[in-house]
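Spelled out, the chains give:
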Amino acid sequence: MNLRCLKFLCLTFLCPFLSEAVSPLPEAQRAFLENHCLDCHDAETHKGEISLELTEIDWSDEANHLLWARALDSVESGEMPPKKRKRRPTGDEREAMAAWIDSELTKHVPIGGTPARRLNRTEYRATVKQLFGLREFELPPGFPIDRELHGFDNLGEGLVLSPPLLLSYSETARLVADRIFPPARKAPEPGSHRATANDLAISYSSGKVVNGALRLGMKCDPIQRSCTWPTRFEAEASGVYTLTVTLSAFRPKAGEAPMIARIFARDVSSPDGVKHTELRLLKEIEVTAEEPRTFRFEAELFEGQTPVVHWANAALDSDREDKNELRAFYEARDRETPGYLAAWRAMTANQSQGFRGGVGWDRVKSLLAKGDLPELTQAQREAFLKKAIGNPVLYAETVVFDVFENGPALQVHEVTMKGPSRLIEGPREKESQRLRKVFTGGETKPATIIRNFLTRAFRRPVDDATVDSFVELHDRHRAAGRTADEAMHLVVRSALISPRFLYRCLNDGPLDDFDLATRLAYFLTGAPPDNKLLAVARSGRLSDPKVLRTKAERLLPRKATAPFIENFTGQWLDTRLLSEIMPDRQFKFSAADEQSAKSEVEHLFFEMLKENRPMTDFIDPDFTWTSARLAKNVYGLKSGFDKKKANTIHRVALQRGGRHGGVLGNAAVMMATANGVDTQPVLRGVWVLENILGTPPPPPPKAVPPITPDTQGARTPRDLLAAHTGEPSCAGCHRKIDPVGLILENFNPVGRWRDQWPGIDRPIDASATLPDGAKVHDIVGFKAWLVANIDPFSECLAGKLLTYATGRAPNHSERKEIAGIVSKNRQAGNGFRDLLLALVDSKTFRTK
Amino acid sequence: MKNPPTANRRQFLKATGVTLALPALESFAAPGAKTDSPKARNLVCIGTYLGFYQSAFFPKQAGFDYELPTLLNPVAGHRGDFTVFSGLDHRAPNGHGAWNNFLCGQTPDAWSLDQRVADAIGQDSRFPSIQLSAGKASRSMSHTRQGIALPMIQRPSVLYGKLFASPADRARNEYLLRSGRSSLDLVLEDARRLQSSVSAADKAKLGEYFDSLRDVEKRITRQIKAVDEPVPETDYRLPDYDPVAPTLQLEAETLMYDLMALALETESTRVITLFIGGLGQVFTIDGRTLQAGYHALSHHGNDPDAIADLIRVETEHMKRFNAFLDQLKAKTDAQGRPLLDSTIVLLGTGMGDSSRHANSNLPTLVAGGGFQHGRHIATDPTAKDAPLLGDLYLTLMQQLGLEADTFSNAGRNLNHVFG
């Protein structure tokens, strides 16, 4: 008897309650392992870091849950023992082994088991916002990012609490408390500040100082690309200031409407990319005189603000969807200056970038001065205009230097600020009045206010001991001579770092109605339960399946941009990665396209949910949501979309059985699974296994570097991948990964269809043999196969939804429950909303 | 200084192969146990968002006798006090997101060099570490052990307030700290009550809460103690505005460097990072306003005029960096040594070539810190066993007295190049 057995025996005798956690391996299973597994998976070789040389299984070790779930998959699918082995188990042996593992797993891995779940970043933000009735609430810059686990950032196990995070919570709590109960401050002395042209901000191509005046030439929305403001001034307190702005019109066009200058107030700390349309207008000024004129007016500036000058009716704009103005601009200049367009065309002929800004304009000027420019054909003119209009950031930011030099331009000579002549209630003061009302709920007794507040903050009735401790804290503070505001300030700060606020469902026993309300609300709305839902929880009826379903239906998203849809699709399909990917220039993929791509997926998901579409429509729908730009440039559509909606997502009918449409073959997913420059079939293969088929491969062994086929080489990616599927240590997983990755090779890094591998003159071979032995030719065949075998996909998506909802990856027993729900739902029409509602009523969802 | 056991030395040789010259025993000894008197005491890491134009940064020749490239001209006076590296990076993929790799190694958002150092040596200072940015911070640079990105201070006045708080600020701060401690006591007591009634798994999770709470409590206690200590005083005065406007980024850089030197001199912290932003800022240099924003210039597409302006901007960064080195040489630490001798200054970036968004061959320079400097260490990244940027970081950590054998994908060190 070895030591381990001895230990086992001791445990069995001494601690009978532990014995259930350790099951000895029966003789038949030991023989199976001995005969079919231990050649590779013994303690010494432990191939794939797996050893099955065991006499018992310790089910208290969670690693064993995963190990045996994997073993079950391998035995059931016939993947193990490897096909090439001479002696393989008979069908009966295999079935018996699978049945044994299944029963053991079911017995030892019960449904449930989410550890206390901290609010993640987005939940925390939504919670604070809702709790205090804040209209605007952004987390402080650098508020810690959550870690992902199993592809989601809201899993109990992954949501670690660390000292810097607790510090951030504490700091954020103070900021929030300051908004409700602002600390008293000293009023500043009035002063004055003068900003000449050289003290005005310039960024990108927003302006240029010539002869002591700053010239503005564009009207785009983001102020950093069009406006200017004093760089060394911000209002010290909210108050009335006397502003003067000295302006003039530089070479205004005769007969045109007068120039309109708009003065806005802007928070200095807001991002420079803020749009003037979001700013508060202080004054509108008509500028007709070519000589500087000073306009004086009184305006309210809030603490931390500075005045911003914008030329509202400038001709140029580098951001708008309607580019006709830019075209008109070029054409007018070409009429005035012969050779203008020819010079531009020559300047940019061999350059995709580098000329942006005044550099490019200087070149155009020297080309014009040299003369001898060829007459452009109509086609050449059109081609150039198309290019220039199509890339307004690059071109408008260059041509604006012509405006700075030759006008018409709005000139800003000087801006002065004097004051405050009197203090006013700024947004801070106004907001605090409102927030106090929300906080007290009209109550005046501190103890009542505190009890009500804690009940809302902790999302459930709070026991007396806890309430009393907060009331005592408040009273002690008052007794120490602090103000009532300071005492409540401290209560707020304390509640927001309490584990009862930071963690959800942190209670003894099973998930009760309040926990269920919390789980449901965060799942479907990304925010805490509202008063209505809490009332149902209080009545004790929420766990009734009918009531639960009605309440869930009420919380379902009403629009495609709902937090649930954004957070879930972004993480399920990895489209959150889009902001990190910079598509190569050759793909002509704009920032707006990237937004559209992300939005497409959200609209698809929303329609699936709203219309209770069959699950197969995730794969091969007869519709898609897209923008005109993506419809044309990525999906190669000729018609069916609205040409005017260049960057606006709208519904477009599709033929079923096509290349695009559904979650495969859309721009967002194809981008997220590539790197912006080239495709990597292995990445896409892993993605399909994980997110479509629900059979994620184990993580790659540590010692091996990731294999990225060099698509620039002479051999095809398929050849290169074949090289390592031949490698025995790689083959096990890559036989599954590579084929499904190669199926997607027809989609380039932004999802556009291609027939040739880039860099080599070879047609793409996207054919593959699927896990069940079926052979498909390309994505169309793969989609048809998925539609015919939809359950694995539905189970995968259901598993992801429950992972997101419950905060844990489904275990063996939970996956069995999911499979049952999916199969039942298929027989009942296979609607997606029905599936989601059935999942809410599952034991998996209802168990802690 | 202790010698490492021979077995380690053999493993080292085996692991690195024979392509590396045998490092001198003296410098090799540095990785031993955390030494009582490390050669360097402070770490400053500076990262530029848009990198440096490579051929103006990397010298053409390797070794001591290299000809100063344009961007190193401004620091010519410190030539003997820095080492410039080419060919180093983290072998990370390209793209904007990978900028964050700069101090994190191959995995973006992993425990960054500065935080690893701060966790080891920063805990006794008023501020375990300070994170700053000149210009808007578009990327994160410092990441905690848990992978959490740390916020950066963008306003010099905020940093100044931290270092040399006014009496009113100090009173409010003290009030917040003391009352904050009473709220910690309350939630601690409440959490203890909760803990007795939850499941084993939840208890483990609450363990994280208790650990964090204790840590925050310690920090608050330390800060309360510091309230009673005299706050360092300075004659240094900031302008009456914060240079947060894009046009004023270079001014912000100057102020941040001044305050950084003061922070080190007053021993307020041992670890500082500075992010140097790069968006639309249009700079005026020597009275001439550039023809395009910094970001547009970085996408130079090999256009010589755009490159010339880009180098002008980068030269301004280097001039300010030089002034910082000047200050570190002039100011002394508690032992009367020049600050530069005990401060490692790492100047680098997560961006190798911003025109292509390439994250390889990262411009890197190390100054001070008690190393023997003066060379250009040119490494060939295509060579087998070529060193990684992480190997350099290991050497920096060891110089600061940390026991460090691995950093991200790197497991050797570059101690021998300073030997």
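Source: prediction; values computed, not measured. (Residues numbered from 1 in each chain as written. Chains lettered and ligands numbered in written order. Predicted model: local features only at pLDDT ≥ 70, side-chain atom pairs only at ≥ 80, totals over all residues.)

**Student:** Describe the nonpolar core, listing the residues and the values that go with them.
**Tutor:** Grouped together as the largest cluster of nonpolar side chains are 167 residues, with contacts concentrated most on Leu-316, Leu-410 and Val-412 of chain A together with Met-256, Met-260, Leu-274 and Leu-346 of chain B. With ten residues, helix 8 (residues 249-265) of chain B is the largest single contributor of residues to this core. Not counting the four nearest positions on each side in its chain, Met-260 of chain B is found in contact with Val-44, Ile-272, Leu-274 and Phe-324 of chain B. With 143 residues, the next largest nonpolar core counts Val-462, Leu-534, Val-686 and Ala-768 of chain A among its residues. (Core = buried A, V, L, I, M, F, W, Y, C linked by C-beta atoms within 7 Å. Buried ≥ 20, exposed ≤ 12 C-beta atoms within 10 Å, placed from the backbone. Helix = DSSP H or I, 4+ residues; strand = E, 2+ residues; numbered from the N terminus. Contact = placed C-beta atoms within 7 Å.)

**Student:** Could you give me a rundown of the interface of chain A and chain B, with the residues and numbers involved?
**Tutor:** Contacts between the two partners involve 62 residues from chain A and, on the opposite side, 63 residues from chain B. Every element with two or more residues in the side of chain A that touches chain B is listed here: helix 8 (163-180), strand 5 (207-210), helix 12 (358-370), helix 17 (464-479) and helix 18 (484-495) of chain A. In terms of residues, the side of chain A that touches chain B owes the most to one element, helix 8 of chain A, which gives seven residues. When the residues that make up the side of chain A that touches chain B are grouped by side-chain class, the tally is 32 nonpolar, 20 polar and ten charged. (Nonpolar A, V, L, I, M, F, W, Y, C, P; charged D, E, K, R; others polar.)

**Student:** Summarise the environment of Val-400 of chain A; cite the residues concerned and give the values.
**Tutor:** Residue and element names in this part refer to chain A. Structurally, Val-400 can be placed in helix 14 (residues 392-406). A residue is classified by how many C-beta atoms lie within 10 Å of it, and Val-400, with 30 of them, is buried. Between the alpha carbons of Val-400 and Asp-317 there is a distance of 9.3 Å; along the sequence they are 83 residues apart. Ignoring anything within four residues of it in the chain, the contact list for Val-400 reads Ser-205, Gly-217, Met-218 and Leu-316.

**Student:** Talk me through the sheet that holds strand 7 (residues 343-348) of chain B; I want residue IDs and the actual numbers.
**Tutor:** Note: strands within a sheet are paired through backbone hydrogen bonds, in either parallel or antiparallel orientation. Residues and elements named next belong to chain B. Here we have seven strands laid out as an open sheet, ordered 3-4-1-7-8-2-9, and mixed in their pairing. Each edge of the sheet is formed by a strand with only one pairing partner; in this case those strands are strand 3 (130-134) and strand 9 (376-378). Across the sheet, the mean angle from the axis of one strand to that of its neighbour is 15 degrees, orientation sign disregarded. (Pairing = 2+ DSSP bridges. Axes fitted to C-alpha atoms, helices over the stretch in contact; angles between N-to-C directions.)

**Student:** Any chance you could break down the sheet that holds strand 9 (residues 280-287) of chain A for me, citing the residues and the numbers?
**Tutor:** Residues and elements named next belong to chain A. One open sheet holds the three strands; their spatial order is 9-8-11, and the pairing between them is antiparallel. A single partner strand is all that each edge strand has here, and the edge strands are strand 9 and strand 11 (305-311). Averaged over neighbouring strand pairs, the angle between their axes works out to 25 degrees when direction is ignored. Across seven bridges, the pairing between strand 8 (residues 259-267) and strand 9 is antiparallel. Along strand 9, the bridge assignment pairs Ala-261 with Ile-285.

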